[in-house]
Amino acid sequence: MAGRRGRTSEQETRRRANKPPARTLPGGAALPAALAVGLPAVGAGIDELSGPGMGLAFAVGAVFGTGLSAALSSRNGWWWVVASSPLLVLGVTAGAELLANGDAYQGKSLATGSAKWVVHGFPVMAAAAAVAALVIVVRLVRDRRRDHG
């Protein structure tokens, strides 16, 4: 069969039996989700209190939160971490800006502000998705070495 590389069914059964059980988190899937949303929200709050717009605290919180979320997620959750990271960055940015400066975003200025949030948030979105992908690749390599080594 493809991908088995000469293993017999007995060897495959033995390998699966020796595999450590899947790790479970105390909070289940809620912990990675809370980190993915919570850390960028805290960073956005810090940035809004220290000056206008999103800054370094938000970027670090978003990237670090996404990386931790990818590190703590199951294999099934990896897709959600990578796919949702840009949407979370945009959502937290919009939420923080609207909460802090809601009166400035009325009518046409809301469309202008939305475009600005996407353009200014794109580097953070890309960095968060890249970190999630990097964490996933490191976990895959580490798991493969543990299985074959």
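Going by the structure above, here's the rest.
Student: Got a sec to walk through the nonpolar core? Specific residues and values, please.
Tutor: Counting 9 residues, the largest nonpolar core consists of A44, F58, A59, A62, V89, V92, A96, V124 and M125. The set of elements that each furnish at least two residues to this core consists of α3 (56-72), α4 (75-101) and α5 (108-148). Every residue in contact with V124, bar those within four places of it in the chain, is listed here: F58, A59, A62, V63 and V89. Counting 6 residues, the second-largest nonpolar core is a separate cluster that includes A70, W78, V81 and A132.

Student: Run through the packing of α3 against α4, naming residues and quoting values.
Tutor: Contact pair α3 / α4: the axes reach a minimum separation of 10 Å and the direction vectors enclose 160°. The orientation of α3 with respect to α4, classified from their angle, is roughly antiparallel. The crossing of α3 and α4 is right-handed. Contacts between α3 and α4 involve F58, A62, T66, S69 and A70 from the first element and W78, V81, S85, V89, V92 and T93 from the second.

Student: Go over the pattern of salt bridges, please, and point to the residues and values.
Tutor: Within this structure, the stated rule accounts for 1 salt bridge. With its nearest N and O atoms 2.6 Å apart, the salt bridge here joins R146 to D143. In this pair, R146 and D143 both sit in helix α5, 3 residues apart, roughly one turn of the helix. D143 gets classed as buried once you look at its relative accessible area, which sits at 13%.

Student: Which residues make up α5, and what values do they have?
Tutor: With 41 residues, α5 ought to run about 60 Å at 1.5 Å a step, and its terminal C-alpha atoms sit 59 Å apart, in line with that. At G121, α5 shows its largest kink, close to 45°, and the proline P123 lies no more than four residues downstream. Within α5 the residues assigned to the buried category are G113, W117, G121, V124, M125, A128, A132, V135, I136, R139 and D143. Where α5 is buried, its residues contact α3 and α4.

Student: Tell me what's going on with the packing of aromatic side chains, and back it up with residues and numbers.
Tutor: Using the criterion set out here, one finds 1 aromatic pair in the structure. Ring centres of Y105 and W117 lie 5.0 Å apart, and the angle between their planes is 70°; on these two criteria the pair is classed as edge-to-face. Note that Y105 is positioned in the loop between α4 and α5 and W117 in helix α5, a separation of 12 residues in sequence.

Student: Requested: an account of empty space enclosed by the protein, with residues and values cited.
Tutor: For the structure shown, the criterion picks out 1 cavity of 30 Å³ or more. In this structure, the largest cavity encloses a volume near 30 Å³. Contributing to the lining of the largest cavity are A36, P40, A62, T66, S85, L88 and V89. Only α2 (30-50), α3 and α4 provide two or more residues apiece to the lining of the largest cavity. The biggest single contributor to the lining of the largest cavity is α4, with 3 residues. In terms of residue class, the lining of the largest cavity is built from 5 nonpolar, 2 polar and no charged.

Student: Tell me what's going on with a nonpolar patch on the surface, and back it up with residues and numbers.
Tutor: On the surface, a nonpolar cluster with roughly 340 Å² of combined accessible area is contributed by L56, V60 and F64. Assignment of secondary structure puts F64 in helix α3.

Thresholds, definitions, all that
Residues numbered from 1 in each chain as written. Predicted model: local features only at pLDDT ≥ 70, side-chain atom pairs only at ≥ 80, totals over all residues. Heavy atoms only, no water. Core = buried A, V, L, I, M, F, W, Y, C linked by side-chain atoms within 4.5 Å. Buried < 20%, exposed > 50% of the residue type's maximum accessible area, 1.4 Å probe, protein only. Helix = DSSP H or I, 4+ residues; strand = E, 2+ residues; numbered from the N terminus. Contact = heavy atoms within 4.5 Å. Axes fitted to C-alpha atoms, helices over the stretch in contact; angles between N-to-C directions. Parallel < 35°, antiparallel > 145°, perpendicular 65-115°, else oblique. Left-handed = near helix turned anticlockwise from the far one by under 90°. Salt bridge = Lys/Arg side-chain N within 4 Å of Asp/Glu carboxyl O. Expected span 1.5 Å × (residues − 1). Bend = angle between axes of the 7 residues up to and from the residue. Phe/Tyr/Trp six-rings, centres within 6.5 Å; stacked < 30°, edge-to-face > 60°. 1 Å grid on protein atoms, 1.4 Å probe; cavity = no way out; pocket = protein on both sides within 12 Å on 5 of 7 lines; lining within 4 Å. Points joined across faces, edges and corners; volume = space filled by probe spheres on them. Nonpolar A, V, L, I, M, F, W, Y, C, P; charged D, E, K, R; others polar. Patch = residues over 30% accessible without salt bridge, like charges linked within 9 Å, V, L, I, M, F, W, Y side chains within 5 Å. Areas by Shrake-Rupley, 256 points an atom, 1.4 Å probe, with all protein chains shown as cover.

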